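# Examining the three-dimensional arrangement
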Amino acid sequence: MGKIGHRPAERQLAYTFGGRIPVAHLRSGDVLEVYTEDCFGGRLRSASDLSPWMPETPHLNPVSGPFLIEEAEPGDTLAIHIVSIVPARDWGVSATPPHIGALGSGVRAVALRTPVENRVWFYEIDRQAGTVRFQSTRTDHAIDLPLEPTIGTIGGSPGRLEARSTMVPDFYGGKLDIPEARAGTTLYLGVNVHGAMLALGDGYARQGHGQTCPAGVAIATVTTVAIEVIKGWQTNWPRLETDLDLTSIGCARPLDDAYRIAHQDLVSWVGSLAGLEMLDAHQLVSQAGRTALGNVRGANYTLLAAIRRQLVPHPAAAYDDAHDRLKRTAASAR
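The shown structure was predicted, so the numbers you read here are calculated from the model rather than taken from an experiment.

## Topic: the overall build of the chain
A tally of helices and strands in the chain yields three helices and 22 strands. The long-range share in the chain, meaning contacts at least 24 apart out of those at least 6 apart in sequence, stands at 76%. Surface summary for the chain: the accessible area is close to 14,700 Å², and the carbon and sulfur share equals 52%.

## Considerations on the sheet that holds strand β22 (residues 301–308)
Read from one edge of the open sheet, nine strands run β1-β4-β18-β6-β15-β19-β20-β22-β21, paired in mixed fashion. Edge positions in the sheet fall to β1 (3–6) and β21 (290–293), since each of these pairs with one other strand and no more. Here the strands of the sheet are splayed against their neighbours by 25° on average, with no regard to which way each runs. The sheet contact formed by β1 and strand β4 (residues 31–36) spans four bridges and is parallel.

## Let's talk about the side chain of D30
Within the secondary structure, D30 is located in the loop between β3 (24–26) and β4. Notably, D30 is buried but unbridged: the nearest opposite-charge side chain belongs to R27, and the N-O separation is 6.3 Å.

## Focus on the packing of helix α1 (residues 255–274) against helix α2 (residues 278–288)
Packing of α1 against α2 leaves a shortest axis separation of 8 Å and a crossing angle of 115°. As for the relative orientation of α1 and α2, their crossing is right-handed in sense. Listed contacts from α2 to H263, L266, V267, V270 and G271 of α1 are M278, A281, H282, L284 and V285. Of the residues contributing to the contact of α1 with α2, the split by class is seven nonpolar, three polar and no charged.

## Regarding the side chain of S248
Relative to the helices and strands, S248 is located in strand β20 (residues 245–252). The class of S248 is buried, set by a relative accessible area of 0%.

## Side note on α1
For an α-helix, 3.6 residues make a turn, and residues three or four places apart therefore share a direction. A rise of 1.5 Å per residue sets the reference length of α1, with its 20 residues, at 28 Å; its end C-alpha atoms lie 28 Å apart and thus fit the reference within 8%. Buried within α1 we find A258, I261, A262, H263, D265, L266, V267, W269, V270, G271, L273 and A274. The inward-facing, buried residues of α1 contact β15 (186–190), β19 (239–241), β20, α2, β21 and β22. Directly beyond the C-terminal end of α1, a positive phi value near 70° is found at G275.

## Let's talk about the environment of A258
Relative to the helices and strands, A258 is located in helix α1. Taking the C-alpha atoms as reference points, A258 and T302, separated by 44 residues in sequence, lie 6.4 Å from one another. Excluding anything up to four places from it in sequence, A258 contacts G250, C251, A252, Y301 and L303.

## Concerning the pattern of salt bridges
Using the criterion set out here, one finds 23 salt bridges in the structure. With its nearest N and O atoms 3.3 Å apart, the salt bridge here joins R89 to D38. Placement of R89 in the loop between β6 (77–87) and β7 (91–95) and of D38 in the loop between β4 and β5 (63–69) is noted, with a sequence separation of 51 residues between them. In terms of burial, R89 and D38 fall into one category: buried. Among the salt bridges present, the one from D202 reaches K175, with a minimum N-O distance of 2.6 Å. In this pair, D202 sits in strand β16 (residues 198–204) while K175 sits in strand β14 (residues 173–175), placing the two residues 27 residues apart along the sequence. For D202, a relative accessible area of 0% gives the class buried. Each of the salt bridges in this network shares a partner with another, and the network as a whole consists of R160, E162, R164 and D170.

## Observations regarding the pairing of strand β8 (residues 120–126)
Direction of pairing for β7 relative to β8: antiparallel, over a ladder of five bridges. When the bridges of β8 are listed, A95 appears paired with V120. Of the pairings in the sheet, the one linking β8 to strand β9 (residues 131–135) comprises three bridges and is antiparallel in character. Residue pairing in the sheet places E124 in a bridge with R133 of β9. Counted between consecutive antiparallel strands, the loop separating β8 from β9 contains four residues, among which G130 sits at a positive phi close to 70°.

## Quick look at the packing of aromatic side chains
Scanning the entire structure with this criterion turns up eight aromatic pairs. Considering the side-chain rings of Y188 and W269, the 6.4 Å spacing of their centres and the 85° angle between planes classify their relative orientation as edge-to-face. Within this pair, whereas Y188 is found in strand β15, its partner W269 is found in helix α1, the two being separated by 81 residues in sequence. Each member of the pair, Y188 as well as W269, carries the same accessibility label: buried. With 4.0 Å between their ring centres and 20° between their planes, Y188 and Y319 make a pair best called stacked. Of this pair, Y188 sits in strand β15 while Y319 sits in the loop between β22 and α3 (322–332), and the two are 131 residues apart along the sequence. The same class applies to Y188 and to Y319, which are both buried. Taken together, the aromatic side chains of Y188, W233, W269 and Y319 make up a single cluster linked through ring pairs. In this structure, R7 is placed above the aromatic ring of Y35, and the distance from its NZ or CZ to the ring centre is 3.9 Å.

Rules used throughout
In this convention, every chain numbers its residues from 1, walking through the sequence in written order. Local features in this predicted model are restricted to residues of pLDDT 70 or higher, and side-chain atom pairs are both shown and tallied only at a pLDDT of 80 or more, whereas totals for entire chains, interfaces and linings draw on every residue. Computation of side-chain values covers all heavy atoms of the structure but excludes hydrogens and water. Only DSSP runs of H or I covering at least 4 residues are called helices, and only runs of E covering at least 2 are called strands; the numbering of each starts at the N terminus. The contact criterion used throughout is that any non-hydrogen atoms of two residues lie within 4.5 Å. Per-residue and other accessible areas were derived by the Shrake-Rupley procedure at a 1.4 Å probe size, with only the shown protein chains allowed to occlude residues. A strand pair is defined by DSSP finding two or more bridges across the two strands. Orientation is described by lines fitted to C-alpha atoms, with helices fitted over the stretch in contact, and by angles between N-to-C directions that extend from 0 to 180 degrees. Buried means the residue's accessible area, taken with a 1.4 Å probe over protein chains only, is under 20% of the maximum for its type, while exposed means over 50%, and partly exposed covers the values in between. None of His or the chain ends enter the tally, which takes Lys and Arg as positive and Asp and Glu as negative. We define a salt bridge as a side-chain nitrogen of Lys or Arg found within 4 Å of a carboxyl oxygen belonging to Asp or Glu. It is the rotation of the near helix from the far one that decides the hand of a crossing: anticlockwise by less than a right angle makes it left-handed, clockwise makes it right-handed. In this classification, Asp, Glu, Lys and Arg are treated as charged, Ala, Val, Leu, Ile, Met, Phe, Trp, Tyr, Cys and Pro as nonpolar, and every other residue, Gly included, as polar. Given the number of residues in a helix, its expected span is that number minus one, multiplied by 1.5 Å. The pairing test for Phe, Tyr and Trp rings, Trp by its six-membered ring, is centres within 6.5 Å, and the orientation test on the planes gives stacked under 30 degrees, edge-to-face over 60, and tilted for anything in between. Whether a charge sits over a ring depends on NZ of Lys or CZ of Arg being within 6 Å of the ring centre and within 35 degrees of the ring normal.

By themselves, these figures tell us nothing about what the structure is for.
See below:
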């Protein structure tokens, strides 16, 4: 099995999940290699490029797609194994738009404090060394950080005739902004419409949990994913599986609602895999689980609840072993 390649023209880039016709049709078991643009649409290449369009849509956060997966129907689960994320350029960029991010005043509270200064940081990327170089904009301080590429925005159509901005995370995926969406991870998304309508973009060379600055080290990427439709298996909120961890994702405002969603889903998942009743699974997650933040400056917040697979007693294979099966699918396509 070979790879299916897609490089979108600028006019094909999407800024919503839902409300778009597919750019290509795929089948369960296919491996897709797709070019994705950075969250600034490739427009931000120097400090002088800062302009009023930055906080506005549809100029921010383009995604490639959507891709119609022919077998996918509502009530199924789409499994997406991230095979690789390769920076498409030897540089990345981050910025501080005035009213966005943890240090910004927020557009609804602009009168409360002085807006953060518009500023741009450029990062040199050394793919051979596996580093991303932070350089201070006002001093000569610099440090090489590990290159750990991730996909910030990935999801399917929300259904219900909705079109949702790519700036929003929710039950269908979207702008999750989590470092865990990296190579080696399998993402599970519920299917809400015929074909699922998968789209992805908003790559980062690296990012921290919580992303206090509005953007990680934004990059264009060449991303490879292997996909599979799991028939008749409903997934209500995004889930992640790696060789080490099981993770549930909650997206909501306020933050405590995102916390409840993620932990209730992980408790349910662990209970079903291990054959534990709810309160026993709840107790295990409480003592062995971990919590991390993703997107905390969008219309919804993203929160992760995770547990080591080895700490789940006698678990059944998640989604009928889709994670390991998709790793084999990816290996056969090289």
